[in-house]
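# Reading the structure
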Amino acid sequence: MAIQGPIPVSFNQVFPHGCYVVGEVEQVKDFTASTGGRTVYAKDKTTGELVWQVAVMDADPTLKAGQKTVAVKILSPVQPVPPPPLPNLPFVPVEFDGMTATAYVAEKTGRLAWSLRARAMRAPRSGAASAKAAAGKDVAA
């Protein structure tokens, strides 16, 4: 099979309605390597970069409550910082760059699940740039 490893996906494929930060950015622990009182933090097997994660809420109105919150892992040598909050919004809107999805079978349910990774998080694009990105067109930075 030609597909091996993480599958590159765009932010708009994963979160067509957008998403919001609903948790803190935390460093992911490597539970296999951690022993006793010694904590070892996870590193990406391919790049060697530290792995961080943040909980986000999918803004898709058709999702059930239990499906709305997912974790996105971010590969970065330093702790990623969420965008600043916007006035009059209870949650911080966010977008991710360099996303990949890896399929796995969830142990608890036996169902297909997805592990989401990204290279960076940032404030959402606005106006024409966002519309072009959603349409899949190239946008100059």
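Below is a summary of the structure that appears in this document. (Residues numbered from 1 in each chain as written. Predicted model: local features only at pLDDT ≥ 70, side-chain atom pairs only at ≥ 80, totals over all residues. Heavy atoms only, no water.)

### Here's the deal with the overall build of the protein chain
- The helix and strand inventory of the protein chain stands at two helices and nine strands.
- Its helices and strands in sequence order give the protein chain the pattern β-α-β-β-β-β-β-β-β-β-α, from N to C terminus.
- Residue pairs at least 24 apart in sequence account for 60% of intrachain contacts in the protein chain once pairs closer than 6 positions are excluded.
- Accessible area for the protein chain stands at about 9,600 Å²; split by element, carbon and sulfur atoms hold 56% of it. (Helix = DSSP H or I, 4+ residues; strand = E, 2+ residues; numbered from the N terminus. Contact = heavy atoms within 4.5 Å. Areas by Shrake-Rupley, 256 points an atom, 1.4 Å probe, with all protein chains shown as cover.)

### Concerning the side chain of glutamate 49
- In this structure, glutamate 49 sits in the loop between strand E3 (26–27) and strand E4 (51–58).
- Residue glutamate 49 is classed as buried on the basis of its relative accessible area of 18%. (Buried < 20%, exposed > 50% of the residue type's maximum accessible area, 1.4 Å probe, protein only.)

### Describing a nonpolar patch on the surface
- Together, Met1, Ile3, Ile7, Leu112 and Trp114 make up an exposed nonpolar region whose accessible area comes to about 600 Å².
- Residue placement: methionine 1 occurs in the segment before strand E1 (7–8).
- Its relative accessible area of 84% is what places methionine 1 among the exposed residues. (Patch = residues over 30% accessible without salt bridge, like charges linked within 9 Å, V, L, I, M, F, W, Y side chains within 5 Å. Salt bridge = Lys/Arg side-chain N within 4 Å of Asp/Glu carboxyl O.)

### Observations regarding the nonpolar core
- By size, the foremost hydrophobic cluster in this structure holds 19 residues, and its most contacted members are Phe15, Val54, Val56, Phe96 and Met99.
- Other than its neighbours up to four places away in sequence, phenylalanine 96 contacts Phe11, Cys19, Val54, Val56, Val72, Ile74, Ala118, Ala120 and Met121. (Core = buried A, V, L, I, M, F, W, Y, C linked by side-chain atoms within 4.5 Å.)

### Re the layout of surface pockets
- One number sums up the size of the largest pocket: a volume of about 1,400 Å³.
- Along the wall of the largest pocket there are 42 residues; nearest its centre are Thr102, Tyr104, Trp114, Ser115 and Leu116.
- Ranked by residues supplied to the lining of the largest pocket, first place goes to strand E8 (residues 112–118) with seven residues. (1 Å grid on protein atoms, 1.4 Å probe; cavity = no way out; pocket = protein on both sides within 12 Å on 5 of 7 lines; lining within 4 Å. Points joined across faces, edges and corners; volume = space filled by probe spheres on them.)

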